[in-house]
Amino acid sequence: MGTSKGNGKYIETPERMWELFLAYVQEVKSQPRYKFVFVGKDGNKEKEELERPLTMEGFELYVADLGIAQDLSHYFSNADKAYDDYLAICSRIRKAIRKDQIEGGMVGQYNASITQRLNGLAEKTHNEVKIEQPLFND
């Protein structure tokens, strides 16, 4: 775990947090996952490259793996108002992750159903049943 600085924060400045996020993005996007697909009538296997999506959990684990901080929730929740200076960067990080997931889901790069659920985008339908009673019985 990282060592606390004089101000009590493991990530010294909002600018440093943004630098860490950009490094996380670079790592994720430069290290794809692979799946094997069968092609041709002979059923030969080929490796298909899959771009990895950005996730909040991935960013938090990236920072933890660097030994900086094990948990970033206090930066993003700002519950004790000690991280007011980080609000804009935290909001930008959330939006960047969400944008990557939504756009990837929209073009079929990522599983659209999972993307919808993660980002609260599930289509909602409202069904209403009305039963009318006649005023006069015939």
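Residues numbered from 1 in each chain as written. Predicted model: local features only at pLDDT ≥ 70, side-chain atom pairs only at ≥ 80, totals over all residues. Heavy atoms only, no water.

Caption draft 1: Quick look at the overall build of the chain. For the chain, the helix and strand inventory stands at five helices and two strands. Put simply, the chain runs from its N terminus to its C terminus through helices and strands in the order α-β-β-α-α-α-α. A buried classification covers 27% of the 138 residues belonging to the chain. Taking contacts inside the chain between residues at least 6 apart in sequence as the whole, the part at least 24 apart equals 52%. When the accessible surface of the chain is summed, it comes to about 10300 Å², and 50% of that surface belongs to carbon and sulfur atoms. (Helix = DSSP H or I, 4+ residues; strand = E, 2+ residues; numbered from the N terminus. Buried < 20%, exposed > 50% of the residue type's maximum accessible area, 1.4 Å probe, protein only. Contact = heavy atoms within 4.5 Å. Areas by Shrake-Rupley, 256 points an atom, 1.4 Å probe, with all protein chains shown as cover.)

Caption draft 2: Broad picture of the pairing of strand β1 (residues 33-39). As paired strands, β1 and strand β2 (residues 44-50) are joined by seven bridges and run antiparallel to one another. Bridge pairing in β2 places Tyr 34 opposite Glu 49. Linking two consecutive strands that pair antiparallel, namely β1 and β2, is a turn of four residues; a positive phi of about 75 degrees is found at Gly 40 within it. (Pairing = 2+ DSSP bridges.)

Caption draft 3: Layout of the confidence of the model for the chain. Per-chain confidence: the chain averages 85 in pLDDT, with 86% of residues scoring 70 or above. Model confidence for the chain, summarised as mean pLDDT per element, is weakest for helix α5 (residues 112-118) at 76 and strongest for helix α1 (residues 14-30) at 97. A low-confidence stretch, residues 1-7 stays under pLDDT 50, and its non-local contacts, those more than four residues away or across chains, total twelve contacts. (pLDDT = per-residue confidence, 0-100.)

Caption draft 4: Examining the side chain of Asp 100 more closely. Mapped onto the elements of the fold, Asp 100 is located in helix α4 (residues 87-106). A relative accessible area of 14% means that Asp 100 is categorised as buried. Of the polar contacts made by the side chain of Asp 100, one reaches the backbone nitrogen of Leu 54; its length is 2.8 Å. Setting aside residues up to four positions removed in sequence, Asp 100 forms contacts with Lys 29, Glu 51, Pro 53, Leu 54 and Tyr 110. (Polar contact = N/O pair within 3.5 Å; in protein donor to acceptor, adjacent residues only side chain to side chain.)

Caption draft 5: Representation of the environment of Ile 11. Mapped onto the elements of the fold, Ile 11 is located in the segment before α1. With 57 residues separating them in the primary sequence, Ile 11 and Ile 68 have C-alpha atoms 7.2 Å apart.

Caption draft 6: Fine view of the nonpolar core. Grouped together as the largest cluster of nonpolar side chains are 23 residues, with contacts concentrated most on Ile 11, Met 17, Phe 59, Val 63, Tyr 75, Phe 76 and Ile 93. Of all the secondary-structure elements, those providing two or more residues to this core are α1, α2 (56-65), α3 (73-77) and α4. Ranked by residue count, the leading element in this core is α1, at six residues. (Core = buried A, V, L, I, M, F, W, Y, C linked by side-chain atoms within 4.5 Å.)

Caption draft 7: Region of interest: the pattern of salt bridges. Considering all chains together, one arrives at four salt bridges under this definition. With its nearest N and O atoms 3.5 Å apart, the salt bridge here joins Glu 19 to Arg 16. Note that Glu 19 and Arg 16 are positioned in helix α1 at a spacing of three residues, about one turn of the helix. Given the relative accessible area of 46%, Glu 19 is considered partly exposed. Taking relative accessible area as the criterion, Arg 16 reaches 31% and is therefore assigned partly exposed. We note a salt bridge from Asp 100 to Lys 29, for which the minimum N-O separation is 3.0 Å. Note that Asp 100 is positioned in helix α4 and Lys 29 in helix α1, a separation of 71 residues in sequence. Among the ionic contacts, a cluster of salt bridges with common partners joins Lys 29, Glu 51 and Asp 100. (Salt bridge = Lys/Arg side-chain N within 4 Å of Asp/Glu carboxyl O.)

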